[in-house]
Amino acid sequence: MELSKTLFASLSNIIIKFLKVEDDLSWYNLKEVGQLISYKGYLFSEDQFVELLKIIINKDKTYNNKYEQLIKETSLALYKFYPSKKISNKNIVKKLVANTESVSKWRSVIFTLKILDKECSKILMKEIEYLFESKMEFVLYEDLLRNNFYDYRKKDYFERYIDYINQMKRKGFKGEFYNGKPVFNDYYYFHFIILLNLIEIDRNSKVLKKLTNLSEYEKWLLNPKEFNYSNFDAKWILAADNIYILKSLQNISDISIAIEIELRKEFNSRLSQIYYEYFQE
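The shown structure was predicted, so the numbers you read here are calculated from the model rather than taken from an experiment.

Student: What's the story with the overall build of the chain in this structure? I'm lost.
Tutor: The helix and strand tally for the chain stands at 14 helices and two strands. For the chain, the spread of C-alpha atoms along the three principal axes comes to 65 × 50 × 30 Å. Put simply, the chain has 281 residues, and 47% of those count as buried. A total accessible area of about 15700 Å² is found for the chain, and carbon and sulfur atoms account for 48% of it. Here the chain holds 44 positive side-chain charges and 39 negative ones, and the gap between their average locations is 4 Å.

Student: Got a minute to help me understand the pairing of strand β2 (residues 181-184) in this structure?
Tutor: Side-chain positions along a regular strand alternate between the two faces of the sheet. Direction of pairing for strand β1 (residues 173-178) relative to β2: antiparallel, over a ladder of four bridges. The residue of β2 that forms the bridge with Phe177 is Pro182. Counting the residues in the hairpin turn of β1 and β2 gives two residues, including Asn179, whose phi is positive at 55°.

Student: Mind showing me how you'd approach empty space enclosed by the protein here?
Tutor: Picture a little ball the size of a water molecule; that probe, rolled over the atoms, points out where space is still empty. Under the counting rule described, the total for this entry stands at three cavities of 30 Å³ or more. Taken as a whole, the largest cavity encloses approximately 50 Å³ of empty space. Contributing to the lining of the largest cavity are Lys171, Gly172, Phe173, Phe184, Asp186, Tyr187, Tyr188, Tyr189, Phe190, Tyr217 and Glu218. If you list the elements that add at least two residues to the lining of the largest cavity, you get α10 (188-199) and α11 (216-222). Partitioning the lining of the largest cavity into residue classes produces seven nonpolar, one polar and three charged.

Student: What am I meant to see in the pattern of salt bridges here?
Tutor: Opposite charge on two side chains permits pairing when their charged atoms draw close. Across all of its chains, the model carries 15 salt bridges by this definition. Between Lys105 and Glu101 there is a salt bridge, and its shortest N-O distance comes to 3.8 Å. Using a relative accessible area of 30% as the deciding quantity, one classes Glu101 as partly exposed. A salt bridge links Glu216 to Lys219, with the nearest nitrogen and oxygen atoms 3.3 Å apart. With Glu216 and Lys219 both in helix α11 and three residues apart, this pair spans about one turn of that helix. Residue Lys219 is classed as partly exposed on the basis of its relative accessible area, which comes to 38%. By sharing partners, the salt bridges in this structure join Asp60, Glu101 and Lys105 into a single network.

Student: Looking at this model, I keep getting lost on helix α14 (residues 269-279). Mind explaining?
Tutor: Within an α-helix, residues lying three or four positions from one another point in the same direction, as the helix has 3.6 residues per turn. Within α14, burial applies to Leu271, Ser272, Ile274, Tyr275, Tyr278 and Phe279. Projected down its long axis, α14 carries its buried residues within an arc of 160°, all on one side. Away from the buried face of α14 by more than 90 degrees, exposed residues Ser269 and Tyr276 are located. Each element contacted by the buried residues of α14 is listed here: α12 (243-249) and α13 (253-265). Of the residues that open α14, the one with a side-chain oxygen 3.0 Å from the backbone nitrogen of Arg270 is Asn268.

Student: Any chance you could explain the environment of Asp163 here in plain terms?
Tutor: Along the chain, Asp163 falls in helix α9 (residues 157-168). Once the C-alpha coordinates of Asp163 and Leu263 are considered, the two residues, 100 residues apart in sequence, prove to be 38 Å apart.

Student: Where do I start with the confidence of the model for the chain in this structure?
Tutor: Segments scoring low in pLDDT should not have their predicted coordinates read at a detailed level. Looking at the chain, the pLDDT average stands at 90 and 94% of residues meet or exceed 70. Least confident of the elements in the chain is helix α1 (residues 5-21), whose mean pLDDT is 67; most confident is helix α8 (residues 138-146), at 98.

Student: So what exactly am I meant to see when it comes to the packing of aromatic side chains here?
Tutor: To describe a pair of aromatic rings, you give the distance between the ring centres and the angle between the ring planes. One pass over the structure, following the stated rule, counts 33 aromatic pairs. Ring geometry for Phe232 versus Trp236: centroids 5.5 Å apart, planes at 90°, classification edge-to-face. On the basis of relative accessibility, which here comes to 13%, the residue Phe232 falls in the buried class. When the centroid spacing of 5.1 Å and the interplanar angle of 75° are considered together, the rings of Tyr275 and Tyr276 count as edge-to-face. For Tyr275, a relative accessible area of 9% gives the class buried. Grouped by ring-pair contacts, the aromatic residues Phe132, Phe138, Tyr141, Tyr150, Tyr152, Tyr157, Phe158, Tyr161, Tyr164, Tyr188, Tyr189 and Phe192 constitute a single cluster. The lysine or arginine in question, Lys114, covers the ring of Tyr79, its NZ or CZ lying 4.6 Å from the ring centre.

Thresholds applied
- Residues numbered from 1 in each chain as written.
- Predicted model: local features only at pLDDT ≥ 70, side-chain atom pairs only at ≥ 80, totals over all residues.
- Heavy atoms only, no water.
- Helix = DSSP H or I, 4+ residues; strand = E, 2+ residues; numbered from the N terminus.
- Buried < 20%, exposed > 50% of the residue type's maximum accessible area, 1.4 Å probe, protein only.
- Areas by Shrake-Rupley, 256 points an atom, 1.4 Å probe, with all protein chains shown as cover.
- Lys, Arg positive; Asp, Glu negative; His and termini not counted.
- Charge placed at Lys NZ, Arg CZ, Asp CG, Glu CD.
- Pairing = 2+ DSSP bridges.
- 1 Å grid on protein atoms, 1.4 Å probe; cavity = no way out; pocket = protein on both sides within 12 Å on 5 of 7 lines; lining within 4 Å.
- Points joined across faces, edges and corners; volume = space filled by probe spheres on them.
- Nonpolar A, V, L, I, M, F, W, Y, C, P; charged D, E, K, R; others polar.
- Salt bridge = Lys/Arg side-chain N within 4 Å of Asp/Glu carboxyl O.
- Arc of directions from axis to C-beta.
- Contact = heavy atoms within 4.5 Å.
- Polar contact = N/O pair within 3.5 Å; in protein donor to acceptor, adjacent residues only side chain to side chain.
- pLDDT = per-residue confidence, 0-100.
- Phe/Tyr/Trp six-rings, centres within 6.5 Å; stacked < 30°, edge-to-face > 60°.
- Lys NZ or Arg CZ within 6 Å of the ring centre and 35° of its normal.

Written out as C-alpha cells, the structure is:
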C-alpha cells in the first residue's frame, strides 16, 4: 500500500526519533533503513532529511562502519529528492571528517559532496587532499573522478594515477576467449578506460603518453580514433563490452566493417547484438 506524505509524516518522525536513541541496530538493519530512504525519500521533508543526516553523523564513530553506508544513502537521497538543498553547518562536516579514518569510510563520505555548500565542500576536499599528500589512495581518487567530485587537472594526482595504472595493469585482457567470452587476468586497465570516457580526457594528452608496454588491444582502447586498424581484431569488441566504451567507439567505420566480416566468418550472438545496437548505420 502506498503511503501519502501526510500519513507518512508521523511514521518518519518515529524513525528519526528512534535512530536518535538506538544503540542496538546492526549495520544490516541500518542498510534496510537506507533502502527505505532511497526509494521513499520523497515522503521525508527537507528538514527531516537534514535532521536525519545530523543524527547519523553525530552517532557515527571512528573505527566503526555501522553508519558508513547510511551516510552515503542519506546524502544521495537528499540530493535526489531535494537537489537544491545544501548543508552549510561546518561543525557537522568537521565531525564527519573526525569520524573518518579509513578509505572504506571515505568512499561513502565523499557522497556528502553532493549536498554540501561550497564552504563545507572545501573543508572536506582539503582533508581528502591532505590524505593524498600523505598517501595516494587510488581507489578513492577513482571514485572522486567517476562521480565528478574532482577535476583530474588539479595537482599532480592524475599523473600519479597513470603511474599506478602502468604498474598494476599487468596483462589485463589475455587475448583469449572461452565459450565466446573474453578472458581477463585483471580489470585495472579496462576500468581505467571506462574512467577516461567518463572524464572525457583528450586521448592525445601528454600525460597518457606515460603509459608503456601496451598491447595492441590496449593501444586501441586508449586512442581508438587514431589506431592502426590493420592490427585490429573485431573480437576485441567483446573485451570492450561497456556502455561508456562502446559509445566512444561509435562512428568509426573500420570497426563496423571489421565486425561485419567477423560475423560472416563466425557468428557470436553478443557481438551481433553490440553491432546492431552501436555500429549499424
